[in-house]
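Now for the letters of each chain:
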Amino acid sequence: MLRYYDASRRGQATFYMILGILALIVMSLFLYQKLSDDESTISKHSFPDFKPAEIYFESCLRLVAHDALVMVGQQGGYIEVPTPLRTRNTSYWYVDEVNVAPFISDIEQEVNNYILEKSWVCSDYTKMKEYGYNMTVFDIKSVTTKVLDKAVSVDITFPVDISMGNSVKRLNDFSFDFNIRLMDMYKVASELVNRATVQTFDRCGEVCENNLDVHISTSQFEGDVLVVGETIEIIDDDTNKPYHLSFAINKPLSDAFDGSNDSLRLAILAPVDADPEFPSFGDMAIKHFNEVIPFENHSVEVFDCGGLKDFFDRKDQFDVAIITGHMHFYIGAQDTGCYNMEEEFNDDFRDWVNSGKVLWINYDCGIDNFVNLMYRRTVLAGLQDSMSDTYSATSEDYTVLANPNHKILTCPHNITQQIANVGHSGMGRISVNPSTDLICGTIDDAKLWTEKLGNGMVVWDTFFMKDNLYANVPVQNDIQTVFGMYAENVLNYLVTSRMEWTVTEGMMPILIEPINGYKMTNNPKFYFDYDSKEEDNESYILQIRFRDNGSLIYEENPVELFYIEGKGFEVSPFTEAIWNTIINLEGDNEFEWQVAAIVNGTYYWSSIDNSDPVSCVGTSCVYTTRNQLMEELSRT
């Protein structure tokens, strides 16, 4: 049996608030009565004007009903929140993996009970006696609250006799309509709670951008997501005021990695076994991540980014990866951390993301400036001084937010202002592609941005946490001060993005030839296969890029296909002369190619494979500049 908390203090405050408002009403009614006296003294003596007393009583009941509606909004549909559901000044709608949201009928009954309990405040007519009115208030008979489609109605049967002299008037039924769209709010809130049953619950997903004009904001507090919905209440005099529906969802971010068969698996790559006296970015990041997702009980593994073979031996087991800890420093030496991982794994990382995984990289673009210093300095303080001087000489205003509404900055924590002044390690400049989703910084000086790669996505940032190395760097802020919130935002984004881009088996084209360093001959042909059953609105894109710089050599959209039995789909994009020109431009450099199947507007990218072109020989190589090549390609 649920026990209820004592709401007497809240009731007393409400009582005094209502009395105060009623005092204002009485003053207004006095002025109204005075004006009526001036206009018709005979009418007053012949027919007592009960209107002031009626307005007084009706206004009191309306205030009580409105207070009930405000309170059920603030407390998640309850006037008295059941003890097991009470949290953060409101109530749980989802807890212990169970939807416990109240029904609309429950909310209506809560409002009814409040009015039944608090309507006695309207029996106090002391002020009305001063103007010659007497009131006999009987027991309230009934209260009926209805949450309608776009409003809330309250009907009250409450007999009261108003008398003045020998005249008596009976009031019995009162009806009030409130322009509060509680039903719309309830629909949106219910959809959000239903989504909480999904393991990778998105705290700021489509439901927050609904077509019912209900604004939804969420905030994460440890394991609870506090939800606040807002609409506009229209008052009788056409003024507007916000109306809120608040409740909580017990859904830790760690639930996405709970270790079950359906959970995601997270890999964290950072320098490990560091000297505890001189912690690195990676050390502190691991500490913070462990607070958000306790590693011991969840599908999280930490790998030493100085030796990635263990990770890549099992890479298909992981859905999300975080590379953090640009370099691991200690006195007198340099230990390569995640900034300079083995080049042999570059292709593996790209193909891993391309297959539908998501990756977050703390990317330090300026750390090379300090590599030589590390060998020259054996005293940490001296190194810190040198870093401080260098940073001061190159530091600029890093407060530009290109997309202040991006989910990484706002959901589930709004950290727009905190992150605007965060220090970053960019002694040089990073330019990103204009099509990149730039979140913080500018195109020519990016701080935080995302990039789609095939079926997956990469989040890049250049922020750092102050550790012993950066202790003297003159920045007002650093990522450590907001890292807990920042990490939760990024993780939420990675987790929900992973589910958004999860590729159904069989949807990705399979490259057949050329693959794995295959030696291409003149007039090359490309082969791929595709075994999806989704054949409606199906088309294909072929992309070929230079491997060294990623620049696009060729794109065919849509691909003209020829199916070769036992071989697959064949594409012949080049003439022999153009092909020889391409490989002559870049010498013996490799190229890479990829195919995307487009099904109902969705792109499903194949793996990225690389090939080794045969060097151009003889008179076939007739073009020597890239401009000439592009002109020839445009003509063909």
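Residues numbered from 1 in each chain as written. Predicted model: local features only at pLDDT ≥ 70, side-chain atom pairs only at ≥ 80, totals over all residues. Heavy atoms only, no water.

Caption draft 1: Representation of the overall build of the chain within the structure. Helices and strands together make up the secondary structure of the chain, namely 16 helices and 29 strands. Considering the chain as a whole, with its 636 residues, one finds that 51% of them fall into the buried category. Counted over contacts in the chain with a minimum sequence separation of 6, partners at least 24 positions apart contribute 68%. Accessible surface for the chain amounts to roughly 30,200 Å². Of this, 47% is attributable to carbon and sulfur atoms. (Helix = DSSP H or I, 4+ residues; strand = E, 2+ residues; numbered from the N terminus. Buried < 20%, exposed > 50% of the residue type's maximum accessible area, 1.4 Å probe, protein only. Contact = heavy atoms within 4.5 Å. Areas by Shrake-Rupley, 256 points an atom, 1.4 Å probe, with all protein chains shown as cover.)

Caption draft 2: Helix H3 (residues 51–74), seen in detail. End to end, H3 covers 34 Å across 24 residues, agreeing with the expected 34 Å (1.5 Å per residue, within 8%). After H3 finishes, the residue glycine 76 shows a positive phi value of roughly 70°. (Expected span 1.5 Å × (residues − 1).)

Caption draft 3: Geometry of the packing of aromatic side chains. Throughout the structure, instances matching the rule amount to 26 aromatic pairs. Cluster of aromatic residues (ring-pair linked, three or more members): Phe303, Phe311, Phe312, Phe318, Phe349 and Trp352. Cation over ring: lysine 567 sits above tyrosine 527, and NZ or CZ is 4.8 Å from the ring centre. (Phe/Tyr/Trp six-rings, centres within 6.5 Å; stacked < 30°, edge-to-face > 60°. Lys NZ or Arg CZ within 6 Å of the ring centre and 35° of its normal.)

Caption draft 4: View of the side chain of lysine 447. Here lysine 447 is to be found in strand E18 (residues 445–453). Side-chain polar atoms of lysine 447 contact the backbone oxygen of aspartate 445, separated by 2.7 Å. (Polar contact = N/O pair within 3.5 Å; in protein donor to acceptor, adjacent residues only side chain to side chain.)

Caption draft 5: View of the pattern of salt bridges. Taken as a whole and assessed by the stated rule, the structure comprises 19 salt bridges. Notably, a salt bridge pairs lysine 187 with aspartate 149, separated by 3.8 Å at the nearest N-O pair. On the criterion of sequence distance, the pair formed by lysine 187 in helix H6 (residues 182–195) and aspartate 149 in the loop between strand E5 (142–147) and strand E6 (152–164) is long-range, its members being 38 residues apart. Across the pair arginine 498 and aspartate 319 runs a salt bridge, and its minimum N-O distance is 3.2 Å. Residue arginine 498 is found in helix H14 (residues 483–500), and its partner aspartate 319 is found in the loop between helix H8 (309–313) and strand E13 (320–323); the two are separated by 179 residues along the sequence. Each member of the pair arginine 498 and aspartate 319 is classed as buried. Through salt bridges with shared partners, a single ionic network connects Lys150, Arg181 and Asp184. (Salt bridge = Lys/Arg side-chain N within 4 Å of Asp/Glu carboxyl O.)

Caption draft 6: Region of interest: the sheet that holds strand E16 (residues 358–362). Strand order across the open sheet formed by seven strands is E12-E11-E13-E16-E19-E18-E17, with mixed pairing between neighbours. Single-partner strands in this sheet number two, and they are strand E12 (300–304) and strand E17 (437–442). Strand after strand, the sheet turns through a mean of 15° between neighbouring axes, direction not considered. Pairing of E18 with strand E19 (residues 456–461) involves six bridges; the strand directions are antiparallel. Its bridge partner lying in E19, leucine 453 is registered against glycine 456. Of the strands in this sheet, strand E11 (266–270), E13, E16, E17, E18 and E19 touch H14, which is tilted by about 155° from E16. (Pairing = 2+ DSSP bridges. Axes fitted to C-alpha atoms, helices over the stretch in contact; angles between N-to-C directions.)

Caption draft 7: Molecular detail of the sheet that holds strand E26 (residues 568–571). Pairing in this open sheet of four strands is antiparallel, and the strands run E20-E22-E26-E25 from one edge to the other. Two strands in the sheet have a free side with no partner beyond their single neighbour: strand E20 (510–513) and strand E25 (562–564). The mean inter-strand angle of the sheet, taken between neighbouring strand axes irrespective of direction, is 40°.

Caption draft 8: Broad picture of a negative patch on the surface. A contiguous patch of negative charge, built from Asp96, Glu97, Asp258 and Asp262, is present on the exposed surface. With respect to the element layout, glutamate 97 can be found in the loop between strand E2 (90–95) and strand E3 (98–99). In this structure glutamate 97 comes out as exposed when scored by relative accessible area, which is 65%. (Patch = residues over 30% accessible without salt bridge, like charges linked within 9 Å, V, L, I, M, F, W, Y side chains within 5 Å. Lys, Arg positive; Asp, Glu negative; His and termini not counted. Charge placed at Lys NZ, Arg CZ, Asp CG, Glu CD.)

Caption draft 9: Fine view of the pairing of strand E8 (residues 215–221). Alternating positions in E8 separate cleanly, Ile216, Thr218 and Gln220 being buried on one face and His215, Ser217, Ser219 and Phe221 remaining unburied on the opposite face. The sheet contact formed by E8 and strand E9 (residues 224–234) spans seven bridges and is antiparallel. Bridge pairing links glutamine 220 to valine 225 in E9. Once E8 ends, the chain turns through two residues before running back antiparallel as E9, passing glutamate 222 with a positive phi of about 55°.

Caption draft 10: How the structure looks around the layout of surface pockets. Within this model, the second largest pocket holds a volume of roughly 450 Å³. Surrounding the second largest pocket, 19 residues form its lining, Asp202, Lys407, Thr496, Ser497 and Glu500 being those nearest its centre. In the lining of the second largest pocket, the residues fall into six nonpolar, six polar and seven charged. (1 Å grid on protein atoms, 1.4 Å probe; cavity = no way out; pocket = protein on both sides within 12 Å on 5 of 7 lines; lining within 4 Å. Points joined across faces, edges and corners; volume = space filled by probe spheres on them. Nonpolar A, V, L, I, M, F, W, Y, C, P; charged D, E, K, R; others polar.)

Caption draft 11: Highlighting the pairing of strand E27 (residues 591–599). Burial within E27 is extensive, with nine of its nine residues counted as buried. Burial along E27 is two-sided: Phe591, Trp593, Val595, Ala597 and Val599 facing one way and Glu592, Gln594, Ala596 and Ile598 facing the other are all buried. Pairing between strand E23 (residues 538–546) and E27: nine bridges, direction antiparallel. Of the residues in E27, the one forming a bridge with phenylalanine 546 is phenylalanine 591. Summarising the sheet, E27 and strand E28 (residues 602–605) pair through four bridges and their orientation is antiparallel. By the bridge assignment, valine 599 is partnered in E28 with threonine 602. The antiparallel pairing of E27 with E28 creates a hairpin that spans two residues between the two strands, and asparagine 600 there sits at a positive phi of about 50°.

Caption draft 12: The state of the cysteines, seen in detail. Applying the stated rule across the entire model yields one disulfide. There is a disulfide in this structure between cysteine 60 and cysteine 122, and the S-S distance comes to 2.0 Å. In this structure, the disulfide formed by cysteine 60 and cysteine 122 twists by about -95° around the S-S bond and is classed as left-handed. Separated by 62 residues along the polypeptide, cysteine 60 in helix H3 and cysteine 122 in the loop between helix H4 (104–118) and helix H5 (126–129) bring together distant segments of the chain. (Disulfide = S-S within 2.5 Å.)

Caption draft 13: Region of interest: the packing of H3 against H4. At a minimum axis separation of 9 Å, H3 and H4 run at an interaxial angle of 135°. Classified by the interaxial angle, the pair formed by H3 and H4 is oblique. Crossing angle aside, the handedness with which H3 passes H4 is right-handed. Contacts from Val64, Ala65, Asp67, Ala68, Leu69, Met71 and Val72 of H3 reach H4 at Ile107, Glu110, Val111, Tyr114, Ile115 and Lys118. Split into classes, the residues belonging to the contact of H3 with H4 amount to 10 nonpolar, no polar and three charged. (Parallel < 35°, antiparallel > 145°, perpendicular 65-115°, else oblique. Left-handed = near helix turned anticlockwise from the far one by under 90°.)

Caption draft 14: Fine view of the confidence of the model for the chain. Of all residues in the chain, 72% have pLDDT values of 70 or greater, and the mean over the chain is 78. Put simply, strand E14 (residues 328–330) is where the chain has its lowest mean pLDDT, 36, and E5 is where it has its highest, 98. Low confidence marks residues 327–336, where pLDDT is under 50. Its contacts with residues over four positions away, or in another chain, come to 30 contacts. Under a pLDDT of 50 for its full length, residues 365–378 has, in the predicted model, 34 contacts with residues more than four places off or in other chains. (pLDDT = per-residue confidence, 0-100.)

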